[in-house]
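# Structural description and commentary
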Amino acid sequence: MTDPDHKVVLRVRGLTKKYPGVTALDGVDFELRKGEVHVLFGENGAGKSTLISIISGAQHPDGGTIEVNGRPVHLAGVAAARGLGISAVFQEFSLMPTMTVAENLVMGAEPGRFGLINRRRVRRLAQERLDEFDFHISPDRLVETLSRAEQQMVEIAKAFRPELSVLILDEPTASLTEEESERLFSLVEEARGRGIGIVYITHRMAEIRRLANRVTVLRDGKLITTVPGGTPDDELINLMTGRVVEDLYPELPEPGTRVVLAARDLSTFDGAVRNATFELRAGEIVGFAGLMGSGKSTAARACFGLERVDSGTLTIDGADLTRARPARVMKAGVVYLPSDRKTEGLLLNRPLRETVTLPWLHRGSISSGPVLRPGRESAVAGDMLRRMKLSPPDPERTADSYSGGNQQKGLLGRALLGDCSTYLLDEPTVGVDVGARVTIYDQIVELARQGNAVLVISSELPEILHLCHRVYVFAHGTITAELRQDDINEQTILRHMMHWDEPAKEIA
Ligand SMILES: Nc1ncnc2c1ncn2[C@@H]1O[C@H](COP(=O)(O)OP(=O)(O)OP(=O)(O)O)[C@@H](O)[C@H]1O
Ligand SMILES: [Mg+2]
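What you see is a predicted model, and the numbers here were worked out from it, not measured in a lab.

## Re the packing of aromatic side chains
Tallied over the entire structure, the rule returns 6 aromatic pairs. With a centroid separation of 4.7 Å and an interplanar angle of 55°, the aromatic rings of F288 and F474 are classed as tilted. Here the residue F288 occupies a position in strand β13 (residues 284-290), and F474 occupies one in strand β21 (residues 470-475), the gap between them amounting to 186 residues. The exposure class of F474 is buried, given its relative accessible area of 0%. Members of the aromatic cluster, each reached through a chain of ring pairs, are F278, F288, Y472 and F474. Across the ring face of F269, the terminal group of R308 is positioned such that the distance to the ring centre comes to 3.7 Å. Looking at R397, its charged tip hangs above the ring of Y402, at a distance of 4.8 Å from the centre.

Structure (structure tokens):
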């Protein structure tokens, strides 16, 4: 079984992990070779994050063995794993929010010695590290002021260390745009070239095609099989789900024409959006495309009353709602799904039911007048979790006990529950498995079919290409193009995304 040409750097046998009521891992064998990218593939909740949390020392297995370079090891914690050359970038980040980028980077690299190093040296080391990756982030910024994508970059820079032998990446591109993802891919390829073994979790088929030497498929906590990279997509999806997934994207209904939301020359106070003019119409799916920091998310947040508007106007159904607060915008029938589920959406250690129903507690479906009906609340939340195909569809489990993709489905469920007329969805499918995407796309198209206005902000081009009637492309805070169905193609969008030749400055 062991091929002498392939040096195994990490091997686990019979790994088992149980949570109350769930066997997250059930006797899983897994092997990582030097200089390979080994993709873990499986549906939301299959056990991928659990597996890597064990091999990175963050959690302890209930059974099974772990060997590093042929020697059995006990991983007492993350520091012990780091000592053996194992580094992980998790779905949920581990940075210290109240410390600077530099402190986070250098502290991770030199544990224990931090107190002795002077500030200037910390700063210089961090700057060197960021430069090496070409990440434009100031080392002096506090981590809590960074966007999710920027935090991801810092995590990645922190994980790459000279003495690294195993690098673990859990959906590393989930909040990166194409350009940043490209940069990450070359880093991964470089690391592979240096003989580092890489465990890479992704739901994106293009990344598997691009990077994988081997793919291990998990389903319901069990190992299904390990196959070579280059295995066709449909075969992988079949292995993952145990069924054949037909077309990913549903057919779009005829778009409506009545304007629901109109922004004219909208500029935000921070300058992230300048003179943006756009419209959302009833029965239409509109896409916002653009790189990180292009203003596409800020524009939507401004519509929802979450950004300070400097000039321009915003009307909804003809009523002027420029500078209105979110509560008022919601009253006008608008709902907003934030892209950062951890900081803006989930009530992590509370039952998922509360996350789902929170904004809608006053609704007749849940309360009678001012009186909350807990039974109804549970029923409504449970129905929605089933409609979103959560596993398990149990509204009383805490949000943080759900896998990453299932948390995302819960948040989208909350947005859909509001029975609104305008839906602003920022990255609605981040971290969601291929099978569950079909569910989400169907729901989005159904919203449009019912006459709602839907905005999809996405850094995934296929979503923009196949799911949208009309697309606005953002670059450097302005709208550089408005494209209609027949003009929506990859080249055109990319060209307008890169609108200026001027290199991107410090990302604000
Ligand atoms: N802290 C916890 N308490 C209870 N159950 C948990 C906990 N963490 C994970 N689980 C459960 O273990 C199973 C595996 O979850 P895991 O996070 O490993 O899935 P995943 O493959 O990473 O999914 P995703 O693609 O959605 O990130 C799921 O059923 C999940 O609900
Ligand atoms: Mg996960």
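## Some words on the state of the cysteines
Inspection of every chain in the model, using the stated rule, returns 0 disulfides. Cysteine C303 shares no disulfide, and the gap to the nearest cysteine sulfur, in C420, comes to 15 Å. With relative accessibility at 2%, the residue C303 sits in the buried group. Among the cysteines around C468, which has no disulfide bond, C303 carries the closest sulfur, lying 16 Å off.

## As for the site of ligand 1
Around ligand 1, 21 residues are found, and the nearest of them are K48, T50, R397, S403 and G405. One of the side-chain nitrogen or oxygen atoms of T50 is found 2.6 Å away from an oxygen atom of ligand 1. S401 places a polar main-chain atom, nitrogen or oxygen, 2.9 Å from an oxygen atom of ligand 1. Look at ligand 1: alone it shows 640 Å² of surface, and the protein chains cover 87% of it.

## Observations regarding the pairing of strand β12 (residues 276-281)
In terms of burial, β12 is largely enclosed, as 5 of its 6 residues are buried. Pairing of strand β11 (residues 259-268) with β12, which is carried by 5 bridges, proceeds in the antiparallel orientation. In the strand pairing of β12, L261 is matched with L280.

## Brief notes about the pattern of salt bridges
Summed over the entire model, instances satisfying the criterion amount to 29 salt bridges. For the salt bridge of R124 with E128, the shortest nitrogen-to-oxygen distance reads 3.2 Å. Of this pair, R124 and E128 are both found in helix α4 (residues 119-133), 4 residues apart, which corresponds to roughly one turn of the helix. A relative accessible area of 43% means that E128 is categorised as partly exposed. R301 is paired through a salt bridge with E307; the nearest N and O atoms lie 2.9 Å apart. Classification of E307 by relative accessible area gives partly exposed; the value is 21%.

Reading guide: rules and limits
Residues numbered from 1 in each chain as written. Chains lettered and ligands numbered in written order. Predicted model: local features only at pLDDT ≥ 70, side-chain atom pairs only at ≥ 80, totals over all residues. Heavy atoms only, no water. Phe/Tyr/Trp six-rings, centres within 6.5 Å; stacked < 30°, edge-to-face > 60°. Helix = DSSP H or I, 4+ residues; strand = E, 2+ residues; numbered from the N terminus. Buried < 20%, exposed > 50% of the residue type's maximum accessible area, 1.4 Å probe, protein only. Lys NZ or Arg CZ within 6 Å of the ring centre and 35° of its normal. Disulfide = S-S within 2.5 Å. Near = heavy atom within 4 Å. Polar contact = N/O pair within 3.5 Å; in protein donor to acceptor, adjacent residues only side chain to side chain. Areas by Shrake-Rupley, 256 points an atom, 1.4 Å probe, with all protein chains shown as cover. Pairing = 2+ DSSP bridges. Salt bridge = Lys/Arg side-chain N within 4 Å of Asp/Glu carboxyl O.

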